[in-house]
Every structure is written in structure tokens, then in C-alpha cells.
Amino acid sequence: MIVAYNLIDERWIPVERKSGKVEMIAPAEVADPEDPPLRIASPRPDFDGALLEFLIGLLQTAAAPATERAWEREFETPPTVQALKKRFDTVRSAFFLDGDGPRFMQEVTLTPSDSKLKQIGYLLVDRAGEDNIEDGPSLFTKPGDIPSLSYPAAAAALYLMQSRAPSGGGGGGGHFTSLRGGSALSGVIVGKQLWDTLWLNVLPSDVFGDAEASAGTKTFPWLGAIRSGNKKTGAPTPASAVTPAHSYWALPRRLLLADQNSTSRCAVYPEYEAKNWLSVRTATAGMRYEGLLHPLAAYTRKSESDPWLPFLTPEDGFSYRNWPVLVQSSIRSRPPRVVSHFASTRRVEMVETPRLTAFGYAMESMKPLRWCRAETPLILVAPTLAEKFAADAEALVAVSEEVRRAFTYRVKSAWSDRPDDLDVHKVLGRVNPVFWSRTETEFFAAVEGIKHGLETDDDALRVAVREKWLRALHQAALELFDTFVEITADLAAPDLRRAVLARRSLYQFTFPSSPKLRKLLGLPVEERSEGGSKPRARKPRKESNP
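This is a predicted model, so every value here is computed, not measured.

Asker: What should I look at first to understand the overall build of the protein in this one?
Answerer: Scanning the protein from terminus to terminus reveals 14 helices and twelve strands. Looking at the protein residue by residue over its 546 residues, the buried ones come to 52%. When contacts within the protein are restricted to residue pairs at least 6 apart in sequence, those whose partners lie at least 24 apart make up 72%. In the structure as shown, the protein presents an accessible area of about 25,200 Å², 51% of it carried by carbon and sulfur atoms.

Here you go:
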């Protein structure tokens, strides 16, 4: 008798343990106290993100505490592996990857007559396009290097595709994007061990909903007739038709694993050589979502009258300029729900140095550009101080962006007498990441300073912090300019003159007394006299020759 592969029972999630050992574990073993797992450790960074979200979703659906007090108890004393497995067993029927019944995140009713058969590499989000997949480029594998996927790899790929599916063609209603869009940026609070990380992102049932775990179709749609989102004959899935936990198990794509080979080697886990999947069936018009919010996604809007839209992973990667969106609430931005809850509870006190990891696919025209991941401090204040804190943090970012743009343009001006003709993407791709990396430490030091100033009601400290941030930006811009533009006597006269003028302009624009920059930070600016004449400006200190 062939036993179906169940994701609750099998060891299929790769982790690194405290001992340094890397091995596959079953989901309940995240609570193993003997040699605790520290992190997900798959060969692909996008699988790491998908598996982290899978485990958070599983805990939220089948093992969420009833109250915040219950959450605190299990944060300090995690459940045993056996106790956690018992909770997961309540939804076990939804996690068969194969077999004759419902299959995890698949539509078992697909047939050759109403679907297309694709090579298994189609499941990987980083594959470019839907045709000629054998020859298409990939972010993490060479073209044509995905002949088969093992059960662990196929399960991770299925979850990743359904949770981050980009929009696609296909007619008849199309291939729909995931509940939060293909390039949404996820925000996950990070702990010392894997259990801490997972549990920090689980909300109590009396806050999240779904007080009693259920393996029903409102949570796991593949257990029943799947709702079609065909734009001509179907409709979007409303919040009333699903449970809150459905956000972790959304089904925008109609997929079915097909064809196995007993001798092929898995493209992701080469040690798996038996019964690997070779193909996947796909059809258009899966479930279509509008207005449902994901607890790990941040949202923004242009005005109060506009709908909330997922904050997308920036094409040039995540940097501290995006940090306020993931941490602070405002009229136009809403951080991930897990972050908001963390900030409003005793969890802030229970975690000594909380951190936040942000990850997601940066996409352009429905095709992935890169997988982005960054980890930052999670700096929070009491709700009564949140509005001022958010305004100060946004001002720090605003002045940084002003300096970055000035720095970038001056570098282009030094490189060419026609700076606007230079390839923008190539220039920004080289210059921007270096600027953000160089100023990141000073930015978070400034944010910490602002927090301390607010908590101690010390306005003078907040002013001093902003003044220091201006000086740091000024110094960084000049140092980085000198890195990208070498000014030497060997340069031809026109090139030398262009470079010197560009640096002088950057020096003047970014000098800490700049009225424009000071206004952005709410710092005092020299006023004109009553007669309208401009006061004698304080001369910048004389700098040494570059």
C-alpha cells in the first residue's frame, strides 16, 4: 500500500540547528528543545521566505493561542513537539501533497482537456515567462536545469507560487496574482531561535479571529469546489467568504503536480533521486482577490479616500528609506499587522533587541528582477508618542533622499557633460545601494536618538540628533563622491573642471546650514531682516583640497 505524502508528518523543511547541523524536520519539530532550529536553511533564498511564512501560517491556523496571556506563556515555555503535532493534526487533511483525495494547494479536477502541461520549472516564480521554460533565464538556477523537483522542493515551490504569484496572461480570465500581489514586501519579526521568530508573528485568536482551528474550505479552498475568479463569469473572493487564516492559504493559481520519474535528480535538493515530479498542469481563472489584507504585508495609499494597496518590494532593493512603512502607522501607510500588534503589547518588553526582516521579489512587468532580503532594528515607541516619532523618522528619510538625489546627479555630472543621457538604471544601480549602506548605521542611530528624546521629553536632544544626521549625510555624500569620481591632475582639463564643479556644488548643497535641508528636518533657518535684505550668510568652513 502506497502512503500519501503529508506535509504535517514528513520531514521536508530544511533548518540549521543550534549545533550547526543542517537537516530536514517536520513542522512540529520547530519546538524541539534538545537542539533547537535557529533558521530555515534551504538552498534558495525565496524558499527560505516561503517556508517561514508557511510555518507562521500553520501556527496561526492550527496552534494560535486564545489570548495574549496564553501567547506569553508559550513564548517563554514552548509546547512539546508532541503537543504541537497534535494541534497540527487538526488540519492534517489539508496537507496531502499527493494521493487520491484533495491535494495541498492544488486543483485535483484538472484534466488534459481543460489544462496545459508544463515542465516542473514553471512552478518556480523566478522563471521568466510561461513559455519556453526550458530555455528561460532564472535568478537561482541555470536555464534548463530544472528537470524535476522532489517532494520537499515541489511543496515549497507550490506555496511560493500561490503566495507570490505574479499576474500573467492566458486569456479566459487570466492567471491571477496572489492575494497581496506578486511583489509585496513581507515584514517578519525576528527572534533568537526559529520558534521565537515564528511565535512572534502569531496573533492570539481573540485578535486575529478563527478561535477554533478548522480544516474547512473557507480556510483551505482546495478541500472543496474552488471558486472561479473568471472576470466574465466569476467574481472576486470577498472577505465574508473566507476565514482570516485563508490569507496564508490563498489559491490564485490552478495547479496540479503531474508525472513522476524514479531516476531523476531534484534540481533543488540533489540528494533526492526517487519519485520526483516532472510536470505540472495549469489552467486560468483561479481565485481572484480584492480587498483582503495579509498579516505579514505592509499597505499604503495615496489619500484617505483611496484603497489600501500592498507595499511592493522596491526595484532597487529594500533600504532604510522604506523602513518607516514597515514600522509606523500613518494616514497613508499601515505596517504589517504582526508589527502593529507587537508594538501594542508586552511583547516589546519580552524581546530585548527586536529585529525585523523584510523580503520579497522585486518585479518589473510581471517578471522578477531579484529576490530582496534585509534585516533591520525594530525600533518602536509607546502609542502616545507614535505620531511624533513617525513624523521625525519620515523627516530623516526625506532629507536623506534629497541628499541622495543631489549626490547621484553630481556623480553623473562629473562623469559626463550630458548627465541626463546616461543610463539611469545603471547609474542608480551602482550609486544608490552604496549610499544607503554607507548611511544606514547613522540613520538607525538617529532614530534611536529621536526615540530617546521623545521618551524623555527632551526637545533639545531631538534637535541635536537631527543636526548630527545632517552632518553625517554631508560627510557621506562627499566621501562617496570621491570614491566614484577620482579628481587628479592626470584628468583632461574639461573632465577635471567638470568634476571639481560637481563636487563643489555637492558640498554647497549638502552643507548642514542648507535652508532646504534644514526645513525638511524642522530645524531653524536664518531669517531675512525686516528690510528684506538677506543677512550675511555664515561661510562654510574651508575644506581641504580633495
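Right, picking up where we left off after that structure.
Asker: What exactly am I supposed to notice about the sheet that holds strand β9 (residues 309–310) here?
Answerer: Note on sheets: strands pair through backbone hydrogen bonds, and any given pair is parallel or antiparallel. What the three strands build is an open sheet, ordered β9-β8-β10; its pairing is antiparallel. Every interior strand has two partners, whereas the edge strands, β9 and β10 (333–334), have only one. Relative to β10, strand β8 (residues 299–300) runs antiparallel, the two sharing two bridges. By the bridge assignment for β10, Thr-300 is matched with Ser-333.

Asker: How should the pairing of strand β1 (residues 13–17) be read in this particular structure?
Answerer: As a general feature of sheets, a regular strand has side chains that alternate between the two faces. Of all the five residues making up β1, four are buried; the element is thus mostly covered by neighbouring parts of the structure. In this antiparallel pair of consecutive strands, β1 and strand β2 (residues 22–25), the connection spans four residues, and Gly-20 shows a positive phi of 95°. In this sheet, strand β3 (residues 37–40) lies alongside β1 in antiparallel orientation, the contact comprising three bridges. Among the inter-strand pairings, Glu-16 is bridged to a residue of β3, identified as Arg-39.

Asker: Please clarify how the sheet that holds strand β4 (residues 116–119) should be interpreted in this entry.
Answerer: Across the sheet, which stays open at both edges, the three strands sit in the order β4-β7-β6 with antiparallel pairing between neighbours. Edge strands, defined here as strands with exactly one partner in the open sheet, are β4 and β6 (254–261). Sheet twist, expressed as the mean angle between neighbouring strand axes with direction ignored, is 35°. Alignment of β4 against strand β7 (residues 276–283), held across four bridges, turns out to be antiparallel. Of the residues in β7, the one forming a bridge with Gln-119 is Ser-279. Relative to the sheet, helix α4 (residues 151–164) contacts β6 and β7, its axis offset from that of β6 by approximately 165°.

Asker: Mind showing me how you'd approach unusual backbone geometry here?
Answerer: Excluding glycine, residues mostly carry a negative phi; peptide bonds, for their part, are mostly trans. Residue Met-105 is not a glycine yet carries a positive backbone phi of 55°. Overall, Met-105 belongs to the buried group, its relative accessible area being 1%. The backbone phi angle of Ala-285 is positive, close to 65°, even though this residue is not glycine. Within the secondary structure, Ala-285 is located in the loop between β7 and β8. Here Ala-285 falls in the buried class, since its relative accessible area comes to 8%.

Asker: Which parts of the structure should I look at to understand the environment of Arg-332?
Answerer: Relative to the helices and strands, Arg-332 resides in the loop between α7 (323–327) and β10. Put simply, Arg-332 and Lys-302 are 30 residues apart on the chain and 6.1 Å apart in space, counted from C-alpha to C-alpha. The residues contacting Arg-332, other than those within four sequence positions of it, are Tyr-299, Thr-300, Arg-301, Lys-302 and Trp-308.

Asker: Just to check I follow, could you spell out the confidence of the model for the protein for this structure?
Answerer: Should the pLDDT be low somewhere, the predicted coordinates at that spot are not to be read in detail. Per-residue confidence for the protein gives a mean pLDDT of 88; residues scoring 70 or more make up 88%. Every residue in residues 128–136 is under pLDDT 50, and counting partners more than four places away or in other chains gives 20 contacts. The model gives residues 536–546 a pLDDT under 50, and that stretch makes 13 contacts with residues more than four places away or in other chains.

Asker: For this particular structure, what's the right way to read the packing of helix α1 (residues 45–62) against α4?
Answerer: Think of two packed helices as two axes; the pair is described by the angle between the axes and how far apart they sit. Between α1 and α4, the least distance of the axes is 9 Å, while the angle of their chain directions is 80°. On the basis of their axis angle, the class for α1 and α4 is roughly perpendicular. For the pair α1 and α4, contact is made by Asp-46, Phe-47, Ala-50, Leu-51, Glu-53 and Phe-54 and by Ala-153, Ala-156, Ala-157, Tyr-159, Leu-160 and Arg-164, respectively. Along the lines of polarity and charge, the residues of the contact of α1 with α4 split into nine nonpolar, no polar and three charged.

Asker: In this structure, what is going on with the pairing of strand β12 (residues 367–377)? I would like to understand it.
Answerer: Bridging between strand β11 (residues 355–364) and β12 involves ten bridges; their strand directions are antiparallel. By the bridge assignment for β12, Leu-356 is matched with Thr-376. Taken together, β11 and the strand that follows it, β12, pair antiparallel across an intervening segment of two residues, in which Ser-365 is found at a positive phi of about 55°.

Asker: How do you make sense of the packing of aromatic side chains when you look at a structure like this?
Answerer: Describing an aromatic ring pair means giving the distance of the ring centres and the angle of the ring planes. The final tally for this structure, using the stated rule, is 30 aromatic pairs. Both rings, one in Trp-323 and one in Phe-443, keep their centres 6.2 Å apart while their planes meet at 80°; by these two values the pair is edge-to-face. Here Trp-323 is found in helix α7, whereas its partner Phe-443 is found in helix α11 (residues 424–455), with 120 residues between them in sequence. Each member of the pair, Trp-323 as well as Phe-443, is classed as buried. Through successive ring pairs, a cluster of aromatic residues spans Trp-12, Phe-54, Phe-95, Phe-104, Tyr-159, Phe-220, Trp-222 and Trp-249. Lying over the aromatic face of Phe-47, Arg-44 brings its terminal NZ or CZ to 5.0 Å of the ring centre.

Thresholds, definitions, all that
- Residues numbered from 1 in each chain as written.
- Predicted model: local features only at pLDDT ≥ 70, side-chain atom pairs only at ≥ 80, totals over all residues.
- Heavy atoms only, no water.
- Helix = DSSP H or I, 4+ residues; strand = E, 2+ residues; numbered from the N terminus.
- Buried < 20%, exposed > 50% of the residue type's maximum accessible area, 1.4 Å probe, protein only.
- Contact = heavy atoms within 4.5 Å.
- Areas by Shrake-Rupley, 256 points an atom, 1.4 Å probe, with all protein chains shown as cover.
- Pairing = 2+ DSSP bridges.
- Axes fitted to C-alpha atoms, helices over the stretch in contact; angles between N-to-C directions.
- pLDDT = per-residue confidence, 0-100.
- Parallel < 35°, antiparallel > 145°, perpendicular 65-115°, else oblique.
- Nonpolar A, V, L, I, M, F, W, Y, C, P; charged D, E, K, R; others polar.
- Phe/Tyr/Trp six-rings, centres within 6.5 Å; stacked < 30°, edge-to-face > 60°.
- Lys NZ or Arg CZ within 6 Å of the ring centre and 35° of its normal.

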